[in-house]
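# Fold and geometry: a report
Now for the letters of each chain:
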Amino acid sequence: MRIKVVEHDKNWGSMYKKEENAIKSILQEELVNSFHIGSTSVPGLKAKPIIDILLVVNDINKLDSFSTQFGALGYEVKGEYGIAGRRFFRKGGDNRTHHIHAFQYDNINEIERHISYRDYLRSHPEVCEQYGELKSKLAEQYPNNIDSYCDGKDAFVKSVEKEALKWHWSLR
């Protein structure tokens, strides 16, 4: 998979909405809420053109019974994929277009982490710009090595996540 970081695309929001509608038609009452997260959800942020979707569901184990329907939408079902209590799906193979991160409604830590990070970047343009530049630099440095690309972002993301959570709770 070639790592490509591009300028923000105003169509990412509508791409999310289209996918959200397809997911809602599958999950119906099992879905509590859905959120556009990740870099494509932050206006002005450079990103890999992959739409990240956060699903909040009633029962994470019941989500496993929808594997065939997600497969029909083009998703690979990956299970927890390294995070306990999550269900992860990806679409597009080597040219990924979408990721789904699903959590049960009471997995507050994971849900808040994703939403707080997104909202913090939306509200802090200087941090958003730093993150975009870092991602561009890493994509140039490691165009074919997703592990090195992710490792290069790790310290920045963890630092901003801490600030984002404190900021999020200071607004309440």
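Residues numbered from 1 in each chain as written. Predicted model: local features only at pLDDT ≥ 70, side-chain atom pairs only at ≥ 80, totals over all residues. Heavy atoms only, no water.

Spatial ordering of the open sheet is given by S1-S2-S5-S4-S3, a layout of five strands whose pairing is mixed. In the strand order of this sheet, the two ends are held by strand S1 (31–37) and strand S3 (75–77), each with one partner. Between one strand axis and the next, the sheet turns by 25° as a mean value, whatever way the strands run. As defined by bridge partners, S1 adjoins strand S2 (residues 51–57) across six bridges and the pair is classed as antiparallel. (Pairing = 2+ DSSP bridges. Helix = DSSP H or I, 4+ residues; strand = E, 2+ residues; numbered from the N terminus. Axes fitted to C-alpha atoms, helices over the stretch in contact; angles between N-to-C directions.)

Here helix H3 (residues 108–123) contains 16 residues, and its C-alpha end-to-end distance of 22 Å stays within 8% of the 22 Å for a straight helix at 1.5 Å per residue. Within the sequence span of H3, burial applies to Glu110, Ile111, Glu112, His114, Ile115, Ser116, Tyr117, Arg118, Tyr120 and Leu121. Buried positions along H3 lie against S1, S2, strand S5 (98–104), helix H4 (125–141) and helix H5 (146–170). (Expected span 1.5 Å × (residues − 1). Buried < 20%, exposed > 50% of the residue type's maximum accessible area, 1.4 Å probe, protein only. Contact = heavy atoms within 4.5 Å.)

The final tally for this structure, using the stated rule, is six aromatic pairs. Between phenylalanine 70 and tyrosine 75 the ring centres are 6.0 Å apart and the planes differ by 85°, which places this aromatic pair in the edge-to-face class. You can call tyrosine 75 buried: its relative accessible area is 5%. Each ring, one from tyrosine 120 and one from tryptophan 167, has its centre 5.6 Å from the other, and the planes form 80°; the classification is edge-to-face. (Phe/Tyr/Trp six-rings, centres within 6.5 Å; stacked < 30°, edge-to-face > 60°.)

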